Amino acid sequence: MTTETVLRADALLTPAGTIAPAELAFDVTGRISYAGPPRAASTVTHDLAGHALMPGLVNGHTHSAMTLQRGASDDESFMQWLATVQGIEQRLTHDDLIVGLELALVEMIETGTVAFADMYYWDETLIERVRAAGMRVFAALACNGNDNVAFPSVSSMTGAEVLTEVERLAEKYREDPLVRVGFGPHAPYTCTPEFLREVRERALAGDIPIHTHISESAAEVAQIREQYGKTPGDHLASLDFFDADVHAAHCVHITGDEIATFAATGTSVSHNPVSNLKLGNGIAPFPEMIAAGLPLAIGTDSVASNNSLDLFEELKHATILHRGARQDAAAVLGPQTIDIATRGGAAAIGFPDSGALAVGRFADVVAVDLTVTAAAPVPIESLVAHLGYGATGRDVRHVFIGGRHVYADGAHQTLDADAVRARAREARARLVG
Ligand SMILES: [Zn+2]
């Protein structure tokens, strides 16, 4: 008798390299009990011949419910784009948020993502939808200041009230392996120093993480310099903001000094190359962040600035973008970005037990189809290169999260994907017209 679930596949990507052929087993707690060559005595639960097993991908920064705004403002500048999406947000209902979130969950799961860091409107109903889908979320409640109401058609909570709600939800889900709740002060250019100081104090007092945007565009850096005479990172450092557990999105326009501050304080960064390119915001100093040893993740940002949640696309961009910009094929290497999009990202957003196919970690596993044309005739020794440059989210056939089979041979097990897409179309027609 065995209590293990056993997967057999053509290959397995471990932190130490590729094993082929391979077996992965996990126990009833959802943790990996074996990762290595096939064992003669095993009873195979899932024969995944023709597939490679890799750790689930981690999205370091998104606003998932914004899937309803996919393609709503595709060719606008950053500040125009922000005005368009915030205009739509004035009309969002709570049902819209549920549909938008579920559409994102469908897309993330079917493209191999197991965990994501989000900043938006969050409450128990929405968090429970993520738990029901079986995904892991670092949910940061977006807020702009003490008096501003962020989502007026959904909630009358002021920024000050959001902070209290974060404290309540963080306590409620503190022991939940799928959920982390945090503060989401939007950015230094939308939050006053007093508000940021208060967030910092309450984050430290309650041991609650912070997810914020830093230096996404040149315009906001200029604005902060004019207001405070400092770069955004230096401005935040002057508030001792980085004493708290801070996860920063973008950091496109940061200096070497700011990178050193992040390294010294353990501040993590989500690199979001496609969003930065699409909005014309620039290219982040990702190679310098890697060299400085920052805790890093790779993120899509919302689909309103991407337009997809497919992290395979994102990790390919995160590798090749910097090579082209610097005319240096060694600027970022494929295995580095795969590591950041899995193990690194999981640690950066607070799920250190995810991110790697190794004994003791959660079985957050993705099976990628190796029988597709784009995988032929790639030899198994080149599996990492294939996953980094050739594979796409459409090659994902199975997803397990904490051992739960949430996507099986291309079929969702926890979400009614057709119904979600239909409801999303209805909501979109009403919201954008
Ligand atoms: Zn963002």
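Residues numbered from 1 in each chain as written. Predicted model: local features only at pLDDT ≥ 70, side-chain atom pairs only at ≥ 80, totals over all residues. Heavy atoms only, no water.

### Description of the pattern of salt bridges
Under the definition given, this model contains 24 salt bridges. The salt bridge partner of R39 is E4, with a shortest N-O separation of 3.2 Å. Placement of the pair is R39 in the loop between strand 4 (32-36) and strand 5 (46-55) and E4 in the segment before strand 1 (5-14), with a sequence separation of 35 residues. In this structure, R326 engages E288 in a salt bridge whose closest nitrogen and oxygen atoms are separated by 2.9 Å. In this pair, R326 is assigned in helix 11 (residues 311-326) and E288 in helix 10 (residues 286-291), connecting sequence segments 38 residues apart. A residue is classified by how much of its surface remains accessible, and E288, at 35% relative accessible area, is partly exposed. A network of salt bridges, in which partner residues are shared, links E4, R8, E23 and R39. (Salt bridge = Lys/Arg side-chain N within 4 Å of Asp/Glu carboxyl O. Helix = DSSP H or I, 4+ residues; strand = E, 2+ residues; numbered from the N terminus. Buried < 20%, exposed > 50% of the residue type's maximum accessible area, 1.4 Å probe, protein only.)

### Considering the domain arrangement of the protein chain
Under the domain assignment used here, the protein chain contains domain 1 (5-55 + 356-412) and domain 2 (57-348). Centre-to-centre, using C-alpha coordinates, domain 1 lies 29 Å away from domain 2. In this complex, domain 1 contributes 24 residues to the contact, which on the side of domain 2 involves 27 residues. Across the domain 1 to domain 2 interface the summed buried area is about 2,000 Å²; carbon plus sulfur atoms make up 67%. Viewed at the interface, domain 2 and domain 1 are joined by one salt bridge. Measuring nitrogen to oxygen at the nearest pair gives 2.8 Å for the salt bridge that ties R136 to D364. Counting across the domain 1 and domain 2 interface gives seven residue pairs in polar contact (both at pLDDT 80 or more). Every element with two or more residues in the side of domain 1 that touches domain 2 is listed here: strand 5, strand 14 (365-369), helix 13 (383-390), strand 15 (396-401) and strand 16 (404-408). Residue composition of the side of domain 1 that touches domain 2, grouped by class: 16 nonpolar, five polar and three charged. (Domains from an automatic or database assignment. Contact = heavy atoms within 4.5 Å. Buried area = accessible area lost by both parts, 1.4 Å probe. Polar contact = N/O pair within 3.5 Å; in protein donor to acceptor, adjacent residues only side chain to side chain. Nonpolar A, V, L, I, M, F, W, Y, C, P; charged D, E, K, R; others polar.)

### Topic: the packing of aromatic side chains
Using the criterion set out here, one finds six aromatic pairs in the structure. When the centroid spacing of 5.2 Å and the interplanar angle of 70° are considered together, the rings of F242 and F262 count as edge-to-face. Highlighted residues: F242 in the loop between helix 7 (232-238) and strand 11 (246-250) and F262 in helix 8 (residues 256-265), separated in sequence by 20 residues. A relative accessible area of 4% places F242 in the buried class. The exposure class of F262 is buried, given its relative accessible area of 0%. A connected cluster of aromatic rings, assembled from ring pairs, spans Y120, Y121 and F151. (Phe/Tyr/Trp six-rings, centres within 6.5 Å; stacked < 30°, edge-to-face > 60°.)

### Side note on the pairing of strand 5
Within strand 5, seven of the ten residues are buried, which leaves the element mostly enclosed by the surrounding structure. Pairing of strand 1 with strand 5 involves five bridges; the strand directions are parallel. Each bridged residue has a counterpart across the sheet, and for A11 the counterpart in strand 5 is A52. (Pairing = 2+ DSSP bridges.)

### What about the packing of helix 11 against helix 13?
In contact at an axis separation of 7 Å, helix 11 and helix 13 are set at 95° when each is read in the N-to-C sense. Here helix 11 lies roughly perpendicular to helix 13, going by the angle between them. The residues of helix 13 that touch helix 11, namely those facing F312, L315, K316, T319, I320 and R323, are L387, G388 and Y389. For the contact of helix 11 with helix 13, the class distribution of residues is five nonpolar, two polar and two charged. (Axes fitted to C-alpha atoms, helices over the stretch in contact; angles between N-to-C directions. Parallel < 35°, antiparallel > 145°, perpendicular 65-115°, else oblique.)

### Section: the coordination of the zinc ion
Coordination sphere of the zinc ion, protein contribution only: H61 (NE2), H63 (NE2) and H213 (NE2), at 2.0 to 2.2 Å. A relative accessible area of 0% places H61 in the buried class. The exposure class of H213 is buried, given its relative accessible area of 4%. (Donors = N, O, S within 2.8 Å, 3.2 Å for Na, K, Ca; no water.)

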